[in-house]
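Letter by letter, the chains look like this.
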Amino acid sequence: MAGQLPALAVVVPLLVALLIPLVSRFNRRAAWWMVVGALGFAVYGAVAMLLDLCGSPIGTTIEYAMGRWAAPTGIEYVVDRLNGIVLTMIAAVGLITALWMRKSIRSEISEKARPGYYATFLLCATGYMGMAITGDVFNLYVFLEIASITSYVLIGMGRTRQALYAGYSYLIVGSIGATFILLGIGHLYMEIGTLEMADIAQRFAANPELYDSSVVRTSFAFFTVGLAIKMALFPLHGWQPSAYSRAPSAASLFIAATATKVSAYVFYRISFSVFGADFLISALPHIRDGILILAVAAIFVGPLLAIRQRCLKRLLAYSSVGQIGYIMLGVVLLNEDGLTGGVIHFWNHAAAKGALFCVAGVLVYRTGVSRVDALAGMGRTAPWTSAVMTVAGLSMIGVPMTAGFLSKWYLGAGALDAGRISIVPVLMASSLFTAMYVWRLVQLVWFAPKDTEPLVKEEAPWSMRIPALVLAAACLYFGLTSTSVDIARDAALSLGLGAP
Amino acid sequence: MIAFIDLMQHAPALSVGVCLLGVVGILLARRSPNVREGVSLTTAVVNFVLVAWMFRQFEAGEEVGGTLIDIVPGLEIGFRVDGLGILFALVASGLWIVNTLYSVGYMRAHNEHKQTRFFACFAIAIAACMGGAFSSNLFSLFAFYELLTICTYPLVVHAETPEAKAGARRYVTYLLGASIGLMLPALFLVWNMAGTMTFADLPAALDASDASPFLIALTFVMFILGMAKCGIMPVHSWLPAAMVAPTPVSALLHAVAVVKMGVFGVSRIVLDVFGTDLLAELSLHHLLIAGASFTIVCGSLVALAQDNLKRRLAYSTISQLSYILLGLGLLVGVTGEDQVTHYQVSAGGILHIGVHAWSKITLFFAAGAIYVALHKTKVSQLDGVGRRMPITMTAFSIGALSMIGLPPAAGILSKWWLVESSVDGAYPWVLGVLFVSAMLNAAYFLPIVFRAFFKPVPEGEESGRKEAPWPCVLALSVTALGTLLLFFFPEVIVDLATAVAQGGGAK
């Protein structure tokens, strides 16, 4: 079976998702178990492949030709260290969300809609995993649409009418982004004549003059803008706060911890494995600088906007705007340290943001509101959840010995390597802003005045507590070991950056 | 036996571990205050014994320490026992025992809330101090420095009143802001310039690097200001703000542990990151001497105007901390001249780490005792207090003498050496600073002593003797006695400080 893992990791969740509505007609309880089982299998597949890759020399890939149609005729799935990391992140966060969400779903989604919700959720996870694993540009678009459309639905399933509005406006903006990406693919196909990523890269390598073609450049422009919308890169982040805050807690947990990062991963993949790093370095230095400026602006503005938010989920959404900036900074620094910092941030941010959305979910579950000030005094009634929030918050700030510190360390080192010392103060300023909003939460939770009556009356149920604790533990684990850094550095090397 | 030796090789980590274990014990015993305080006290004693053992190993020339967690190159949590570290650790762990005793008396007499949180955070703070003291590299030091800020926040905000919150916010804003905004980038620049974070290799590596002098100077200034815990102006105002904390916190943390972490950090930066040679070559010590002199005089001037006793002590601390920084600057200044005759007197700053700790904690203990017994917080209310609380006020007077630098209290030791080294280093104007400061110290401490002993108790107040609870009185007697004994038997601390200065200056 090991040889079939790349296909199975996607196909199994896909099929199970389609079966859920059917099975739910006979047994209403089965849907949740099916989601957990399918995602559990996906985690197994992703981790097995990543471990396999870690044991192999740098540059090894696991390739899988769908239906044995060899590329470029057929569609090929390719797993290397980079998307191994992303795949593991999506599957793991998906599984943790699935384990976490059962009670939250019961309180937020009507019984009739639940099987549909579970099926959509699983399809959404499948879509993102497909985006990560595929080696074919058009197939990427197909999965992107699966992931996007299911996301719109998930967001629209929130309790309030504003959820519909948020889902709808995300649909409009997201469709524009997806269309741009499709146009990018079209232009690329027009000029190159193939859709297979490795094949395109080879043709670029064989004919460097293709870099001067305006069709190719137009294609890259479409990709960049389309993906920037999907990943909510500043200043195209407008859809994100309301989408995150109106969605059901379980959906915002999964989407916030994975979705925008998968689009950022696609940008990594398109830049390095399709167009090739040389394209950004030599052919389009100004575009690279432009993206760099946007990334740095995101890092600066995101946490700044988060400080004043009254809704916890919106606050976290704005903080995500900044965090995507880190990941994009990693790619456009175009050196080993920077890329390492960007790649480890996939995991680090997934763990921290996932944990924080778990806390937001508990807040909604226990109080029905997501206002920040509803957290007051939660430390007394729900110490575990409050501790999770504190640890994840420290990791967001980037306190040493938490995961966030390593991301910033490597990004800073990358910035110095690239001779851009001016980025370092921005990273520090961003940490300071982050410290300001995290400290506000910490103070509310632990140091509320004695006479405040905590709105959160009890601790989260164990089913919500344990997944959150796992994510918080991950924030510490990745901060105290070199696990993620080792894999990410190898990923950076295998993308052709830095000394081999 | 071999296992034991291996374990003792990690004695510094063990010391951090003991304190953290104490935290667990304190939390577990939260239902029974007596057991809880017993755990605190036991932890403090065990920790001190461990540190004392390390001190003996250090004297015997044994290397103790090792890498605990190796995250990625440059980022590791590692420990090594050396003179400067053991000096700081001895002071902090020794005074923790006394302070625990004092805390028990103070907190119970006051019927304070959330005592479990108080004692637990206190133990974490000491763990952070131990970790910082024995850190063998910049990253460890930074990590423990940050931990100390975070775990002392609950102690400062303890009362949870609006004033406490405002004070605590300022506390955490200054300390975290400076360390993230200045120290972390400085750390980063050092790593980029030198390629190592280990104190043992850093001075040589920085010396050999081709970084521009401007960048090195910038990094140095960023370090000094980033370690806002050292209280140098203009990053000092968190310290008076932190006085909203209960007095035991002000006593141990904001006279000893936290602020000493700051000056200890700066000592590390001067001696073991840049190295005295490099700093002397680039004349960066002038900056340090100038900044410290400014702070010494201004701190004292502001102290003079404070009526709140604790605030007056806080500004006095700001001023006194800069004596240590001044000493470090002078130490760099005499480098390159004839080492053999100079190294000893140049240790004045390092020596002041220990001397100031004993004296200042006595003063704070006394201030807290007055508050517990008579509920007085202002200098202007202290008329005749000496007659009501003779032991407390005697201890206070000894502390004050030490601050001014008069025998038979320990303060004169370090001040005398500072005077000598400013003559040696050809800084005649520093003599003026020291003289003015001593006068100012006298001007804001002696009136308190005078009021307490020579003015009558105001009309309508009780005049009977009323000392604070016995644990408080015992604690402040011990530290006052310590201040005297240090004057008569200064060998241990003097030898240590000299060794540190020699190691830093004689490379």
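The sections below set out a description of the structure shown in this document. (Residues numbered from 1 in each chain as written. Chains lettered and ligands numbered in written order. Predicted model: local features only at pLDDT ≥ 70, side-chain atom pairs only at ≥ 80, totals over all residues. Heavy atoms only, no water.)

With respect to the overall build of chain B
The helix and strand inventory of chain B stands at 22 helices and two strands. Its C-alpha atoms give chain B a radius of gyration of 22 Å, within 12% of the compact-globule value 23 Å for 507 residues. When its C-alpha atoms are laid out on the principal axes, chain B stretches across 75 × 55 × 45 Å. The 507 residues of chain B split such that 64% are buried. Of the contacts made within chain B by residues no fewer than 6 positions apart, 82% connect residues no fewer than 24 positions apart. (Helix = DSSP H or I, 4+ residues; strand = E, 2+ residues; numbered from the N terminus. Rg over C-alpha atoms; globule rule 2.2 N^0.38 Å. Buried < 20%, exposed > 50% of the residue type's maximum accessible area, 1.4 Å probe, protein only. Contact = heavy atoms within 4.5 Å.)

Topic: the interface of chain B and chain A
Listed per partner, the contact involves 31 residues of chain B and 29 residues of chain A. When chain B packs against chain A, the two sides together hide about 2700 Å² of surface, and 78% of this comes from carbon and sulfur. Summed over the shared surface of chain B and chain A, the result is zero salt bridges. At the boundary of chain B with chain A, the tally comes to two residue pairs in polar contact (both at pLDDT 80 or more). At 14 residues, helix 7 (residues 162-194) of chain B tops the list of elements feeding residues into the side of chain B that touches chain A. In terms of residue class, the side of chain B that touches chain A is made up of 22 nonpolar, four polar and five charged. (Buried area = accessible area lost by both parts, 1.4 Å probe. Salt bridge = Lys/Arg side-chain N within 4 Å of Asp/Glu carboxyl O. Polar contact = N/O pair within 3.5 Å; in protein donor to acceptor, adjacent residues only side chain to side chain. Nonpolar A, V, L, I, M, F, W, Y, C, P; charged D, E, K, R; others polar.)

Quick notes on the environment of Val16(A)
Along the chain, Val16(A) falls in helix 1 (residues 5-26). For Val16(A), the residues in contact, after removing those within four places along its chain, are Met34(A), Ala38(A) and Leu122(A).

Describing the packing of aromatic side chains
Residue and element names in this part refer to chain A. All told, the structure shown has 44 aromatic pairs over all chains when counted by the stated rule. Summarising the aromatic geometry, the rings of tryptophan 32 and tryptophan 33 are spaced 4.9 Å apart at their centres and angled 75° between planes, so their arrangement reads as edge-to-face. Look at tryptophan 32 and you get buried, because its relative accessible area is 9%. Take tryptophan 33: its relative accessible area is 53%, and that puts it in the exposed class. The interplanar angle of 20° and the centroid separation of 5.0 Å between the aromatic rings of phenylalanine 275 and phenylalanine 279 together place this pair among those described as stacked. Connected via pairs of aromatic rings, a cluster forms that spans Phe204, Tyr211, Phe220, Phe223, Phe267, Phe275 and Phe279. Its guanidinium or amino end placed over the ring of tryptophan 32, arginine 102 lies 4.4 Å from that ring's centre, counting from NZ or CZ. When the ring centre of tryptophan 462 is taken as origin, the NZ or CZ atom of arginine 465, which lies over that ring, is 3.8 Å away. (Phe/Tyr/Trp six-rings, centres within 6.5 Å; stacked < 30°, edge-to-face > 60°. Lys NZ or Arg CZ within 6 Å of the ring centre and 35° of its normal.)

Points about the packing of helix 10 (residues 249-275) of chain A against helix 13 (residues 312-333) of chain A
Residue and element names in this part refer to chain A. Taken N-terminus to C-terminus, the directions of helix 10 and helix 13 make an angle of 20°; their axes are 11 Å apart at the nearest point. Relative to helix 13, helix 10 is oriented roughly parallel. Of the two elements, helix 10 crosses helix 13, and the hand of that crossing is right-handed. Within the contact between the two elements, helix 10 uses Ser249, Ser252, Thr260, Lys261, Ala264, Phe267, Tyr268 and Phe272 and helix 13 uses Lys313, Ile324, Ile327, Met328, Gly330 and Val331. When the residues that make up the contact of helix 10 with helix 13 are grouped by side-chain class, the tally is eight nonpolar, four polar and two charged. (Axes fitted to C-alpha atoms, helices over the stretch in contact; angles between N-to-C directions. Parallel < 35°, antiparallel > 145°, perpendicular 65-115°, else oblique. Left-handed = near helix turned anticlockwise from the far one by under 90°.)

Examining the pattern of salt bridges
Summed over the entire model, instances satisfying the criterion amount to 17 salt bridges over all chains. With its nearest N and O atoms 2.8 Å apart, the salt bridge here joins Asp82(B) to Arg268(B). Of this pair, Asp82(B) sits in the loop between strand 2 (75-80) and helix 4 (83-110) while Arg268(B) sits in helix 11 (residues 247-274), and the two are 186 residues apart along the sequence. Note on Asp82(B): relative accessible area 12%, which makes it buried. Across the salt bridge formed by Arg451(B) and Asp383(B), the nearest N and O atoms sit 2.8 Å from each other. One end of the pair, Arg451(B), is in helix 20 (residues 428-454); the other, Asp383(B), is in the loop between helix 16 (348-374) and helix 17 (385-388), with 68 residues separating them in the sequence. In the salt-bridge network here, residues are joined through shared partners; they are Glu336(A), Asp337(A) and Arg489(A).

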